[in-house]
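# Architecture and fold: a report
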Amino acid sequence: MIFLTALPLFWIMISASRGGHWGAWMPLSISAFEGTCVSIPCRFDFPDELRPAVVHGVWYFNSPYPKNYPPVVFKSRTQVVHESFQGRSRLLGDLGLRNCTLLLSNLSPELGGKYYFRGDLGGYNQYTFSEHSVLDIINTPNIVVPPEVVAGTEVEMSLLHFTPTREANGHRLGCQASFPNTTLQFEGYASLDVKYPPVIVDMNSSVEAIEGSHVSLLCGADSNPPPLLTWMRDGTVLREAVAESLLLELDEVTPGEDGVYACLAENAYGQDNRTVGLSVMYAPWKPMVNGTMVAVEGETVSILCSTQSNPDPILTIFKEKQILATVIYESELQLELPAVTPEDDGEYWCVAENQYGQRATAFNLSVEFAPIILLESHCAAARDTVQCLCVVKANPEPSVAFELPSRNVTVNETEREFVYSERSGLLLTSILTLRGQAQAPPRVICTSRNLYGTKSLELPFQGAHRLMWAKIGPVGAVVAFAILIAIVCYVTQTRRKKNVTESPSFSAGDNPPVLFSSNFRASGVPEKYESERRLGSERRLLGIRGEPPELDLSYSHSDLGKRPTKDSYTLTEELAEYAEIRVK
């Protein structure tokens, strides 16, 4: 607390010049402590032509007009005064010298008010001056505070010079007045209103929040007067108010609200600002894939997979559950495939994950290449049918044709009567079906082509002996079984008849049973019929309808068991029992 010792106050009045008119000069207001004395300095003037022998004067209290009978404070002619001023008032000045200074002593609160002086030069030359002085009786020192006290700027207060700080705002400034050789002592206090610019004193540090949660950002500032607080982001005002603190509420935050938020505090004396970072944590977005999705065999393929998340994700590219590339805490992943092959064709997955979730995107890489005829391509016999399977791997889809060189015949996949084709992925499966009897396994060449090349393969024939055994079925088995029983019975009877000459058994001799023959020609048949028979056989091999030549050859083939065959459509092996007798 600061105390000021009051010193005697001196009021200096500039002497009035002889102006030849009525006038008075005195302080407008004077403050004095109760129980002390006070001097009211006063000077007056009158016209020069008036040359009074004696000059008298009167001091009135609170009114300048005698007709209102105001209390007389001092009167030089009669020394008669109001009872309130008896023994308390005395004229210090010399009226002859136009000095009307008044002394009041033993002040009490009721003496506080307005004091007027009236000049009396005799006769009608009396004049009450409108100028007056206001006396204020106080019990404490009156500390005069400047209209504005700014922190850091020097101020003067009742003989006190100092530079206030922001910390002094609101503190009490004390003044103590004492009079030497007396016990009189007075103390007074005044509160300091120190103006200063804002300083942000309360604010969040960096904030992390999960997507969808609630976030509160607080900004508090110290200033006098209170500041205008403003929350901003990227130059956009989000909220503002004149207050000591301001709260910014964010409901269900999204990744779009991630960023830096600024709080600005300002008043007439300056400004301050601070920032806070909001980090919104969220699961990866669905990855985006950019790059070449169609490539020619041998080219280099570059595929970029990117996403967005917080924190950055683990990115992985899979193909058939095999990891091809991966990065940790990166938002982009580049996959390089130098010299792509058909094996690189297919579906790929780009997977992004962090602790808040996982997202994946599938994409397909199409590798275009010339046809490849796979090794499982072949021909096989089933009953009186030959089926040729040609499996081709190619992209784009190739055309397939079957060539029979021995017959100078070419069948393509558009001839649905003979060729069935089905595509699955990069594989094209074509099946050629030949119906009828063949003298020998036919030569079949499969040719496939697309815009990148042509591939041919002579299809191997699997199970050529089946052309013969395929004729055996249930009927043939019954016939063979009957012959076997007959042989057994014959041998048994022969043993019983020991004296009978043994007869030859049924066995292979000069003329064994005919099992399979496409070249047999009956005796007596003209050769022209033989050529017609061969032509008919070839037409039946391709399934071409036509009238067969009338032949007198009968043949049969029997089997005592089940033989594996291939179905004419799926080529899957099955067990069948049948017998077939044909007349050529």
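This text follows the structure it describes.
Residues numbered from 1 in each chain as written. Predicted model: local features only at pLDDT ≥ 70, side-chain atom pairs only at ≥ 80, totals over all residues. Heavy atoms only, no water.

### A few points about the overall build of the protein chain
If you tally the helices and strands in the protein chain, you get three helices and 44 strands. Among the 584 residues that make up the protein chain, the fraction classed as buried is 40%. With an accessible surface of roughly 33,100 Å², the protein chain has 52% of that area assigned to carbon and sulfur atoms. (Helix = DSSP H or I, 4+ residues; strand = E, 2+ residues; numbered from the N terminus. Buried < 20%, exposed > 50% of the residue type's maximum accessible area, 1.4 Å probe, protein only. Areas by Shrake-Rupley, 256 points an atom, 1.4 Å probe, with all protein chains shown as cover.)

### Some remarks on the side chain of Ser421
Mapped onto the fold, Ser421 is located in strand β36 (residues 419-424). Only 2.8 Å separates the side chain of Ser421 from the side chain of Ser430, close enough to count as a polar contact. With near-sequence residues (within four places) excluded, Ser421 lies in contact with Glu413, Arg416, Leu428, Thr429 and Ser430. (Polar contact = N/O pair within 3.5 Å; in protein donor to acceptor, adjacent residues only side chain to side chain. Contact = heavy atoms within 4.5 Å.)

### Observations regarding the pairing of β36
In summary, the side chains of a regular strand alternate between the two faces of the sheet. Pairing geometry for β36 and strand β37 (residues 427-435), over six bridges, is antiparallel. From the neighbouring strand, Glu422 faces β37, where its bridge partner is Thr429. (Pairing = 2+ DSSP bridges.)

### Concerning the packing of aromatic side chains
If you walk through the whole model with that rule in mind, you get 17 aromatic pairs. On the basis of an interplanar angle of 90° and a centroid distance of 6.4 Å, the ring pair of Phe179 and Phe186 is categorised as edge-to-face. Exposure remark for Phe186: the relative accessible area of 9% places this residue in the buried category. Through a chain of ring-to-ring contacts, the aromatic side chains of Trp22, Phe44, Phe46, Trp59, Phe117, Tyr127 and Phe129 assemble into a single cluster. Sitting over the ring of Tyr189, Arg172 keeps its end group 4.3 Å from the ring centre. Taking NZ or CZ as reference, Lys319 lies 5.7 Å from the ring centre of Tyr348, over its face. (Phe/Tyr/Trp six-rings, centres within 6.5 Å; stacked < 30°, edge-to-face > 60°. Lys NZ or Arg CZ within 6 Å of the ring centre and 35° of its normal.)

### Description of the environment of Met288
Here Met288 is to be found in strand β24 (residues 288-291). Beyond its immediate sequence surroundings of up to four residues, Met288 is in contact with Leu304, Cys305 and Ser306.

### Concerning the pattern of salt bridges
Applying the stated rule across the entire model yields eight salt bridges. Here Lys319 makes a salt bridge to Glu320, at a shortest N to O gap of 3.8 Å. What makes Lys319 buried here is its relative accessible area of 10%. A relative accessible area of 67% places Glu320 in the exposed class. (Salt bridge = Lys/Arg side-chain N within 4 Å of Asp/Glu carboxyl O.)

### Description of the sheet that holds strand β7 (residues 89-91)
Pairing is antiparallel across the open sheet formed by three strands, whose spatial order is β3-β8-β7. The strands lining the two open edges of the sheet, one partner per strand, are β3 (38-40) and β7. For this sheet the average axis-to-axis angle between neighbouring strands, irrespective of direction, equals 25°. Bridge count for β3 against strand β8 (residues 102-104) is three bridges, and the pairing is antiparallel. Considered in β8, the bridge of Ser39 is made with Leu103. (Axes fitted to C-alpha atoms, helices over the stretch in contact; angles between N-to-C directions.)

### Brief notes about the pairing of strand β21 (residues 245-250)
In β21, alternate side chains face the same way, and those of Leu246, Leu248 and Leu250 are buried while those of Ser245, Leu247 and Glu249 on the opposite face are not. In terms of strand pairing, strand β18 (residues 215-224) meets β21 through six bridges, oriented antiparallel. Its bridge partner being in β21, Val215 is matched across the sheet by Leu250.

### Observations concerning the state of the cysteines
One pass over the structure, following the stated rule, counts five disulfides. Each sulfur of the disulfide joining Cys219 and Cys263 lies 1.9 Å from the other. Between Cys219 and Cys263 the sulfur-sulfur dihedral comes to about -80°; the bridge is accordingly left-handed. Here the residue Cys219 occupies a position in strand β18, and Cys263 occupies one in strand β22 (residues 259-267), the gap between them amounting to 44 residues. Both residues of the pair, Cys219 and Cys263, belong to the buried class. What pairs with Cys379 in a disulfide is Cys388, and their sulfur atoms sit 2.1 Å apart. The sign of the S-S torsion, about 105°, decides the handedness of the disulfide formed by Cys379 and Cys388: right-handed. (Disulfide = S-S within 2.5 Å.)

### Let's talk about a nonpolar patch on the surface
Among the surface-exposed residues, Ile314, Ile328 and Tyr329 lie close enough to one another that they form a single nonpolar patch of about 320 Å² accessible area. With respect to the secondary-structure elements, Tyr329 resides in the loop between β28 (322-328) and β29 (332-337). For Tyr329, a relative accessible area of 57% puts it in the exposed group. (Patch = residues over 30% accessible without salt bridge, like charges linked within 9 Å, V, L, I, M, F, W, Y side chains within 5 Å.)

### Description of the nonpolar core
Soluble, globular proteins show a tendency: their nonpolar side chains are buried together. In this structure, Phe44, Trp59, Leu104, Tyr115, Phe117 and Leu135 are the most contacted members of the largest nonpolar core, which totals 28 residues. Elements with a minimum of two residues in this core: β2 (29-33), β3, β5 (56-61), β6 (72-75), β8, β9 (113-120) and β10 (126-138). The leading source of residues in this core is β10, at three residues. Formed by 21 residues, the second largest nonpolar core is a distinct cluster that contains Met203, Ala221, Val253 and Val276. (Core = buried A, V, L, I, M, F, W, Y, C linked by side-chain atoms within 4.5 Å.)

### A short note on unusual backbone geometry
Each neighbour pair has its own omega, and for Asn310 with Pro311 the value is 0°, a cis peptide bond. Residue position: Pro311 is located in the loop between β26 (301-306) and β27 (314-319). Of note, the bond from Asn395 into Pro396 is cis; its omega dihedral lies within 30 degrees of zero at 5°. Within the element layout of this structure, Pro396 appears in the loop between β33 (385-395) and β34 (399-404). The backbone of Tyr69 shows a phi angle near 50°, a positive value even though the residue is not glycine. Counting through the fold element by element, Tyr69 comes out in the loop between β5 and β6. Looking at Tyr69, the relative accessible area reads 74%, which means it is exposed.

### Some thoughts on the sheet that holds strand β20 (residues 236-242)
Pairing in this open sheet of five strands is mixed, and the strands run β17-β23-β22-β19-β20 from one edge to the other. Every interior strand has two partners, whereas the edge strands, β17 (207-210) and β20, have only one. The sheet shows a mean angle of 20° between the axes of neighbouring strands, direction not considered. As paired strands, β22 and strand β23 (residues 270-281) are joined by nine bridges and run antiparallel to one another. Bridge pairing links Val260 to Gly277 in β23.

### Looking at the environment of Ile431
Locating Ile431 in the fold gives a position in strand β37. Spatially, the C-alpha atoms of Ile431 and Cys390 are 6.4 Å apart, while their sequence positions differ by 41 residues.

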